Amino acid sequence: MGKAQVLPFGPQHPVLPEPLHLDLVVEDETVVDVLPQIGFIHRGLEKLVETRDIHQYIYVAERICGICAFGHSYGYAETVERLMDVEIPPRAQYLRSIMHELSRIHSHLLWMGLAADAFGFESLFMHCWRLRERILDIFEAVAGGRVILSYTLIGGVTKDIDAPMLQAIKDKLNSIKKEYQEICNAFLKDTSVKNRLVGVGYISPEDAVQYGMVGPFARASNLNNDVRCLGLGAYGDLADFQPILSTDGDCYGRVQVRAEEVLQSISIIEELIDKIPDGDFYVPVKGAPAAGSEACSILEQPRGEVYYYCSGNGTKNLERMRIRTPTTQNIAGMTMALKGCDLADVNMIVLTIDPCISCTER
Amino acid sequence: MELNESFVPIKVEELFDTAKKYKEQGYQLSQMMAIHKEDDTIWLYYTFIKGNEVINRRIEGVIKGETEIPSLTPLFIAVFVNENEAHDLFGVNIVGNLIDFQGAFYRFAEGVEAPMTIVSPEQLAAREKAAKIAKAKAAKAAKEAKAAKEAAAKDTNEAAKEDTEAKSAAEAVSTEASEDTKTKEEGE
């Protein structure tokens, strides 16, 4: 056994989309201990509630992260609505859920592209991102933006999606489905891909509970904590929602869960479009949250459960707004998965938690 | 299904044992956060989630850099990020954090400490505005209550006056009637 050495990994590294630093303690080629470090891009966005009113802050919330942009505006708006006892129209709930599931598809496709790039499958990376562009086209047609949508408002959404547009979304997703299944085959059946993923970074179901993991990272270890199972909002009207789980607990299991979740999201969108009720898509919200009022909510974002908290102080500015993101919760599990792995597998394990440091630091 | 949220105060000394009980019952510690209050104290929130149950336990009156808060990392290791954050951004004195960055978790400009406890001019203005609004609301409520009281008193007086007038009128009518009868009898 060689002498233990500390090897710095990141924050600037070709495989890392965002700045995360790891001090890897290695003996020969084996990682024996890990110390994670973030804190390079803290922007103090939570403090901005002091200078932006409840309606303005929605545009700050969606800029917390470019990938989870819609999800953060959705979660923030929902929490403020709970704070002010506002009930939004059912159509608005459906529209939000449709856009949220589209966000999940685009996030997972983006991640799958990065994963393919990490294990050296360049053409697969390009195919994933090519399909993702088609989802961004839908965003552009609906909201005008491809990344920052500004589609959510406190009380509903900014505009309705009419029947022809909803049908166009269905048709587009249907056309994507066939191509996507071919990509899935490459991810889940190709031998060279399997060689890089199977048995790497294993986490048992017990450890997943112990480390408090969330999202697809946890579901790959057969831990069901999908918030959508609670049936909040439009998700409650789905005929049957079963979370995607895997018993593998390794990098392959994490890819499998995300790959299947894309198809699941397409089915959810199709069902919601079929069931969407007529009516208003917005209810005006006036006034300010009462002093001393507080509310929280949880939302299943592409990376897992996100917790939102808001408290009022009697003015249009909130006293406090808090977002706890999935990566915050998954960092401990990631370090656990890294212990004992080969140095060459570090990049794959780090990527399979789908870390979003922008969200985590805010 | 609805989200069942609750906010319940807890004492510092009860925190660790309570968290242990929640863990045994299958709850996950979803997050820990701090809020800087107007009286310069800090409130800490610990959120335990199981299914649709979201229990927020709150420690009030924490003094920056002084009150010792036991770390929950021995029970829920994932909370080390939140505890380092509470220390660096709010100056909360967390004791026993298993992955303690000793104030080096976030990097700030030189001389900046606990930036989330700095009261900005905007925040000060918001607080003054809130106080003004609360004062104006209280004054309005008091005025309305006074007006309502006066109106009630006026109504009672008017009703009494009307009663008296009606009574006098009735008496006058009955006197007239009796005088008429008397005159009639005399004529006969």
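Residues numbered from 1 in each chain as written. Chains lettered and ligands numbered in written order. Predicted model: local features only at pLDDT ≥ 70, side-chain atom pairs only at ≥ 80, totals over all residues.

### So, the overall build of chain B
No. 1: The number of helices and strands found in chain B is three helices and six strands.
No. 2: Starting at the N terminus and ending at the C terminus, chain B contains elements arranged as β-α-β-β-β-β-α-β-α.
No. 3: Taking 2.2 N^0.38 as the reference for a compact globule, 188 residues should give roughly 16 Å; the C-alpha atoms of chain B span a radius of gyration of 34 Å, well beyond that estimate.
No. 4: Principal axes of the C-alpha set define a box for chain B whose edges measure 120 × 45 × 30 Å.
No. 5: Taken over 188 residues, chain B has a buried fraction of 27%.
No. 6: Restricting the contact set of chain B to residue pairs at least 6 apart, pairs at least 24 apart contribute 56%. (Helix = DSSP H or I, 4+ residues; strand = E, 2+ residues; numbered from the N terminus. Rg over C-alpha atoms; globule rule 2.2 N^0.38 Å. Buried ≥ 20, exposed ≤ 12 C-beta atoms within 10 Å, placed from the backbone. Contact = placed C-beta atoms within 7 Å.)

### Looking at the overall build of chain A
No. 1: Secondary structure summary: chain A contains 12 helices and eight strands in total.
No. 2: Whereas a compact globule of 362 residues would reach a radius of gyration of roughly 21 Å, chain A reaches 21 Å, a difference of no more than 12%.
No. 3: Contacts in chain A between residues at least 24 apart in sequence constitute 70% of all its contacts with a sequence separation of at least 6.

### Side note on the domain arrangement of chain B
No. 1: Looking at chain B, the domain boundaries give domain 1 (4-117) and domain 2 (119-188).
No. 2: Using C-alpha coordinates to define each centre, domain 1 of chain B is positioned 56 Å away from domain 2 of chain B. (Domains from an automatic or database assignment.)

### Description of the nonpolar core
No. 1: Core analysis: the largest hydrophobic core is formed by 147 residues, its most contacted members being I349(A), L44(B) and V92(B).
No. 2: A total of 13 residues in this core trace back to one element, the largest contributor, which is helix 3 (residues 90-118) of chain A.
No. 3: Those residues in contact with I349(A) that sit more than four places away from it in its chain are V200(A), G201(A), C251(A), M334(A), A337(A), L338(A) and C341(A). (Core = buried A, V, L, I, M, F, W, Y, C linked by C-beta atoms within 7 Å.)

### Overview of the interface of chain A and chain B
No. 1: With 31 residues of chain A at the contact, the number on the chain B side is 35 residues.
No. 2: Looking at the side of chain A that touches chain B residue by residue, the classes come out as 10 nonpolar, 15 polar and six charged. (Nonpolar A, V, L, I, M, F, W, Y, C, P; charged D, E, K, R; others polar.)

### A word on the sheet that holds strand 2 (residues 21-27) of chain A
All names here are of chain A.
No. 1: Within the open sheet, the three strands sit side by side as 1-2-3. Their pairing is antiparallel. The outermost strands of the open sheet, each flanked by one partner alone, are strand 1 (5-9) and strand 3 (30-37). Strand after strand, the sheet turns through a mean of 25° between neighbouring axes, direction not considered. (Pairing = 2+ DSSP bridges. Axes fitted to C-alpha atoms, helices over the stretch in contact; angles between N-to-C directions.)

### Describing the sheet that holds strand 7 (residues 304-312) of chain A
Picture the strands of a sheet paired through backbone hydrogen bonds; they go either parallel or antiparallel.
All names here are of chain A.
No. 1: Read across the open sheet, the three strands follow the order 6-7-8; overall the sheet is antiparallel. On the outer flanks of this sheet lie strand 6 (294-301) and strand 8 (318-324), each paired with one strand and no other. The mean angle between the axes of side-by-side strands here comes to 15°, regardless of whether they run parallel or antiparallel.
No. 2: With eight bridges joining them, strand 6 and strand 7 adopt antiparallel strand pairing. What sits directly across from E294, in strand 7, is S311.

### Overview of the environment of R57(B)
No. 1: The residue R57(B) is located in strand 4 (residues 53-62) in this model.
No. 2: The contacts of R57(B), once residues within four sequence positions are left out, are V8(B), I10(B), T18(B) and Y46(B).

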